[in-house]
Amino acid sequence: MAIINRIGDMQPEIAAWRQDIHAHPELQFDVHRTAGVVAEKLKAFGCDEVATGIGRTGVVGVIKGKKGQGSTRVIGLRADMDALPITEITGLPYASTNPGKMHACGHDGHTAMLLGAAKYLAETRNFAGTAIVIFQPAEEGGGGGREMVKEGMMDRFGIEEVYGMHNYPGLPLGDFAIRSGPMMASADRLYIDIEGLGGHAARPHVSIDTVLVGAQIINQIQSIVARNVDPLESAVISITQFHAGTADNIIPQTARLSGTARTLDPNVRDLVEKRLFEVIEGTAKLYGATAKLVYKRDYPVTRNHERQTAFAAEVAREVVGKDRVDDQVPPVMGAEDFSYMLEARPGAFIFVGNGDTAGLHHPAYNFNDELIPVGSSYWVKLVETAMRG
Ligand code: NI
């Protein structure tokens, strides 16, 4: 293990920041308190510049190294700040004080670990170039990372490469997992409005039953994954909502389905989108109904760049040892809006084990504070190694 000693010493302090953020979870772009705490700390650490309000409520800190004067290298490190609309059941002394909101994805830990690294880097500045610490809002569905990129963050701060990290329950505590290429899926949204002919439930022959049509659509679209997508490629289509009807003796005039489509490849994404329109409209037509699909492209594939992935894995090996870093982990079908940063600049996204805990987005989940020295050391070593001077 090569945890940086000073960071090991800082663990209780960083854990206290994490627990304070945990007690005050905020959603989407509405992360004013969290962003305020982050900006205040970055200023107190002596960052050369602290910019707020980027991508609405994002915060960026600039830390210039003292080695190799004149080095123009610039590396971005990103954490996310937002929580989830979940009621916490952990019973922790620092559990959420905001009813119905909870840090159930560990973004409290991500923010604290990057703050810890920022404090260390601002104190030591033992690198040649500039470290940019990025704290984004609205990772959980709002596209805060996309907003920051759209506002020109990469150019404004001259970021050349960008790195992200997410804790991973079920992976042994402090182990790292990464892969080159697609690491996480694209996530698109489906909204399907079905129109039939309402009527008495006892007279189906003079009605067009939107519940039956909806059920057929749900079944038929699974043929896209089973029979259109190459079996060696990956795709998921899940219908997660089916709304119809008002009483048990009425055939409803309309029904609404919604769900998500996930893929790891742009061609598969195009294919799934095209076939969804055909299968949904065609199935409805078969029953004399109409169905209108709105297909909303959302987060793209989180695609790790080859050179930066090899580098990130090397840094992780330096921190926890080579047998605790898997650089060939299979991709997962979850999504990340760090993907927008990876579309804008080369970089890599890495998982770090949270140990045997409740899963992400579960009401009993908690970020493991034992992970702090590992995560903060990874960030510091990444900067010091990439910009050794
Ligand atoms: Ni998350």
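Here is a short report on the structure shown in this document.

Each value, and the rule that gives it
- Residues numbered from 1 in each chain as written.
- Predicted model: local features only at pLDDT ≥ 70, side-chain atom pairs only at ≥ 80, totals over all residues.
- Heavy atoms only, no water.
- Donors = N, O, S within 2.8 Å, 3.2 Å for Na, K, Ca; no water.
- Helix = DSSP H or I, 4+ residues; strand = E, 2+ residues; numbered from the N terminus.
- Buried < 20%, exposed > 50% of the residue type's maximum accessible area, 1.4 Å probe, protein only.
- Pairing = 2+ DSSP bridges.
- Contact = heavy atoms within 4.5 Å.
- Axes fitted to C-alpha atoms, helices over the stretch in contact; angles between N-to-C directions.
- Patch = residues over 30% accessible without salt bridge, like charges linked within 9 Å, V, L, I, M, F, W, Y side chains within 5 Å.
- Areas by Shrake-Rupley, 256 points an atom, 1.4 Å probe, with all protein chains shown as cover.
- Salt bridge = Lys/Arg side-chain N within 4 Å of Asp/Glu carboxyl O.

Next up on the list: the coordination of the nickel ion. At the metal site, the nickel ion is ligated by C105 (SG), H107 (NE2) and H166 (NE2), and these contacts range over 2.1 to 2.2 Å. Mapping the donors of the nickel ion onto the primary sequence yields the spacing C-x1-H-x58-H. A residue pair is termed long-range when its members are at least 10 positions apart, and C105 in the loop between β3 (74–80) and α3 (107–124) and H166 in strand β5 (residues 161–169) qualify at 61 residues. According to the relative accessible area criterion, C105 is buried, its value standing at 6%.

Further remarks concern the sheet that holds strand β1 (residues 49–54). The eight strands lie next to each other as β1-β2-β4-β3-β5-β16-β6-β15, forming an open sheet whose pairing is mixed. In this open sheet, the two strands that pair with only one neighbour each are β1 and β15 (325–326). One ladder, built from eight bridges, connects β5 with strand β16 (residues 347–355); its direction is parallel. Each residue of the ladder has a partner; that of Y163, found in β16, is A348. This element, helix α8 (residues 306–320), spans β5, β6 (176–177), β15 and β16 of the sheet and lies at about 35° to β16.

Our focus in this paragraph is a nonpolar patch on the surface. Taken together, the side chains of L212, L286 and Y287 present a nonpolar region at the surface, about 290 Å² in accessible area. Along the chain, L286 falls in helix α7 (residues 266–286).

The next thing to look at is the environment of S223. As for its placement among the helices and strands, S223 is situated in helix α6 (residues 210–227). Note on S223: relative accessible area 26%, which makes it partly exposed. For the pair S223 and N368, spaced 145 residues apart in sequence, the C-alpha separation works out to 41 Å.

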